[in-house]
Amino acid sequence: MNMASHEPGHGPLALALRVILLLAYPVLSHVASLRNEGMWAAAALFGLVLLCLLEPLARRRPLAWAGLLASGLLLYWVGASAWAWMLLLAPPVVFPLLVAWGFARSLLPGQVPLIGRIVQALYLRAGMPVTEALERYTRRLTAAWAMVLSLLAAINLVLAMSAVPNGLLAAFGIQPWWPVTHEQWSWCANIADWGLIGGFFALEYAVRAKLFPKRPYRNAVDFVRQMGQLGPAFWRDLLR
């Protein structure tokens, strides 16, 4: 058994809570967009804050608990204003950019591509060699994910600028050239984005399975399961 899985904030319950919070955000955000109610937007944003602070909260760090309380009070206050919906425009832009940067910076000279490090860890656990062809593939795949996520962030930024009545351009009194409603923005930023990411993952996995039939995992589910088994220390080091 991997004892790392029992570290605070990394056990089965913490994983389940992360999945629930991750799935709850687009749902709450979409409801906020359909109903145009700030408190729903505040609830969606608070879920993101909780998701980001989950590990330090589990470690009972006072600063994390103070930050969670302060965020909750601030979002409750903001929820009664139009700013709540404007803040909701930020995560679909900021989070894909942050993840894209994580992929892109691992391609810098002297660095090992992010996906290459994951593949090396999986193959090492199974006692299988990583071929030069696979190393080239992981480098290209890392670059592809960086481009896909950057493109999503750019599309979401354009949508955030074009949203009416509380989009970024409208906030400065500028009429968007191609206005979109809150609902249209949400269908793209909260629903379509996940479909595109899932579709790219499925397509890439099918290509990888054909190019590299000998691999240490049986299927996509086993691949995800084995990545989780690498342990929190591996993922913390990977994301530094």
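Every value quoted in this text rests on a predicted model; they were computed, and no experiment measured them.

**Observations concerning helix α9 (residues 182-211)**
Given a rise of 1.5 Å per residue, 30 residues ought to cover 44 Å, and the 42 Å separating the end C-alpha atoms of α9 matches this to within 8%. Within α9 the residues assigned to the buried category are H182, W185, S186, A189, N190, D193, E204, Y205 and R208.

**So, the packing of aromatic side chains**
Per the stated rule, a full pass over the model turns up eight aromatic pairs. Relative to F212, the ring of Y137 lies with its centre 5.4 Å away and its plane at 65°, an arrangement referred to as edge-to-face. In this pair, Y137 is assigned in helix α7 (residues 132-162) and F212 in the loop between α9 and α10 (220-228), connecting sequence segments 75 residues apart. Residue classification places Y137 among the buried residues on the basis of a relative accessible area of 14%. Taking the centre distance of 6.4 Å and the plane angle of 25° together, the rings of F201 and F223 count as stacked.

**As for the environment of A144**
With respect to the secondary-structure elements, A144 resides in helix α7. For A144, a relative accessible area of 19% corresponds to the buried category. Expressed as a C-alpha distance, the spacing of A144 and Q175, which sit 31 residues apart in the sequence, is 34 Å.

**Some thoughts on helix α2 (residues 38-58)**
Taking 1.5 Å of rise per residue, 21 residues should cover 30 Å, and α2 covers 29 Å from first to last C-alpha, within 8% of that figure. Taking the largest bend as the criterion, α2 deviates by roughly 50°, centred on C52, and proline P56 comes between one and four positions later. Three or more residues of α2 are buried, namely G38, A41, A42, A44, L45, G47, L48, L51, L54, E55, P56 and L57.

**What about the nonpolar core?**
Core analysis: the largest hydrophobic core is formed by 24 residues, its most contacted members being F103, I115, I118 and L122. Every element with two or more residues in this core is listed here: α5 (91-105), α6 (114-126), α7, α10 and α11 (232-238). Sequence-distant contacts of L122, that is, excluding residues within four places in its chain, are made with P216, Y217, F223, Q226, M227 and L230. Of all hydrophobic cores here, the second largest spans 19 residues; its members include A41, L159, A160 and A189.

Rules and cut-offs
The residue numbering used here restarts from 1 in each chain and proceeds along that chain's sequence as written. The predicted nature of this model means local features are confined to residues of pLDDT at least 70 and side-chain atom pairs, given and counted, to a pLDDT of 80 or more, with totals for whole chains, interfaces and linings taken over all residues. Calculated side-chain values reflect all of the structure's heavy atoms, with hydrogen atoms and water omitted. Elements are defined by DSSP. Helices are runs of H or I of four residues or more, strands are runs of E of two residues or more, and each kind is numbered from the N terminus. The span you would expect from a helix comes to 1.5 Å times its residue count less one. Each residue gets one of three labels from its accessible area relative to the maximum for its type: buried under 20%, exposed over 50%, partly exposed in between, using a 1.4 Å probe on protein chains only. Only rings of Phe, Tyr and Trp enter the pairing, Trp through its six-membered ring, and a pair is recorded when the two centres are within 6.5 Å. The plane angle decides the type: under 30 degrees is stacked, over 60 is edge-to-face, the rest tilted. Consider a residue and the seven residues that end there alongside the seven that start there; fitting an axis to each set, the bend is the angle between those axes. The term nonpolar core refers to a set of buried residues drawn from Ala, Val, Leu, Ile, Met, Phe, Trp, Tyr and Cys, joined through side-chain atoms within 4.5 Å. Whether two residues are in contact is decided by their heavy atoms, any of which lying within 4.5 Å being enough.

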